[in-house]
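# A structural walkthrough
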Amino acid sequence: AGRLEFICKKEKVKFEADALRLLARKADGSMRDGTSLLDQCVTASGSNVTATAVRGILGLIDQEKILALVDAIASGDATSPLRLLDDAINQGVDLNDLLSALLEGYRDLMLLSVPGDLSSLLFRSQGEIEHLRASLSRYELADLVTVVERLCNASARLKGATDPRI
């Protein structure tokens, strides 16, 4: 994200820091992929790279949906998460992408649950981090580990499922 910021400043491209974090997250550590994604977003957004534009251009899942799903799962009520999942599917969200985003959300919750401030390891906006911190009170670390294990198992099973909704 820092290197993408350097490029934007050098090329006089307006940007939001959250947008660059999204690009860095999507590039998954690859500078070449990051700069290519940035170029796509600059071209498509008219030299104003916003988080909203990046999500739309790259087809990223809205993190508010993921945070709502994390909260719904924490509630212990099966109805809410299932409705949110059905809504996402009806909106055309890819289940593999949704599962990856949800897994990343729980990973981030685990990082925030350990002593010390590890928020710099998260590619999230400050608002998203605060939301996750507020959600932590509803989880024990053992619960988070269990959820991550189950999501990892679901990820492997989703790839070969005849009906991914199940």
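As a starting point, this report considers the structure included with it.

Criteria and cut-off values
- Residues numbered from 1 in each chain as written.
- Predicted model: local features only at pLDDT ≥ 70, side-chain atom pairs only at ≥ 80, totals over all residues.
- Heavy atoms only, no water.
- Phe/Tyr/Trp six-rings, centres within 6.5 Å; stacked < 30°, edge-to-face > 60°.
- Helix = DSSP H or I, 4+ residues; strand = E, 2+ residues; numbered from the N terminus.
- Buried < 20%, exposed > 50% of the residue type's maximum accessible area, 1.4 Å probe, protein only.
- Disulfide = S-S within 2.5 Å.
- Salt bridge = Lys/Arg side-chain N within 4 Å of Asp/Glu carboxyl O.
- Expected span 1.5 Å × (residues − 1).
- Contact = heavy atoms within 4.5 Å.
- Polar contact = N/O pair within 3.5 Å; in protein donor to acceptor, adjacent residues only side chain to side chain.

### A closer look at the packing of aromatic side chains
- Per the stated rule, a full pass over the model turns up one aromatic pair.
- Considering the side-chain rings of Y106 and Y139, the 5.6 Å spacing of their centres and the 90° angle between planes classify their relative orientation as edge-to-face. Of this pair, Y106 sits in helix α7 (residues 95–113) while Y139 sits in the loop between α8 (126–136) and α9 (141–160), placing them 33 residues apart in sequence.
- For Y106, a relative accessible area of 0% corresponds to the buried category.

### Quick notes on the state of the cysteines
- Tallied over the full model, the rule gives zero disulfides.
- Considering cysteine sulfurs only, C41 is the nearest to C8, which forms no disulfide, with 9.7 Å between them.

### Observations concerning the environment of K10
- Within the secondary structure, K10 is located in helix α1 (residues 2–10).
- For the pair formed by K10 and C41, sequence separation is 31 residues and the distance between their alpha carbons is 16 Å.

### Observations regarding the pattern of salt bridges
- Under the defined criterion, the tally for this structure stands at eight salt bridges.
- The partner of R55 in a salt bridge is E128, and the shortest N-O contact between them spans 3.2 Å. Pair noted here: R55 is in helix α4 (residues 51–58) and E128 is in helix α8, with a separation of 73 residues, a long-range link.
- A residue is classified by how much of its surface remains accessible, and R55, at 19% relative accessible area, is buried.

### Some points on unusual backbone geometry
- Although it is not a glycine, K12 adopts a positive phi angle of roughly 60°.
- The residue K12 is located in the loop between α1 and β1 (14–15) in this model.
- Not every positive phi belongs to a glycine, and S47 is a case in point at roughly 65°.
- If you trace the backbone, S47 turns up in the loop between α3 (31–45) and β2 (48–49).
- For S47, a relative accessible area of 34% corresponds to the partly exposed category.

### Remarks on α7
- Along its 19 residues, α7 runs 27 Å from first to last C-alpha, staying within 8% of the 27 Å computed at 1.5 Å per residue.
- Three or more residues of α7 are buried, namely L95, L98, L99, A101, L102, G105, Y106, D108, L109, L111 and L112.
- Looking at the buried side of α7, the elements it contacts are α5 (63–75), α6 (79–90), α8 and α9.
- With a side-chain oxygen lying 3.0 Å from the backbone nitrogen of N96, the N-terminal cap of α7 falls on D94.

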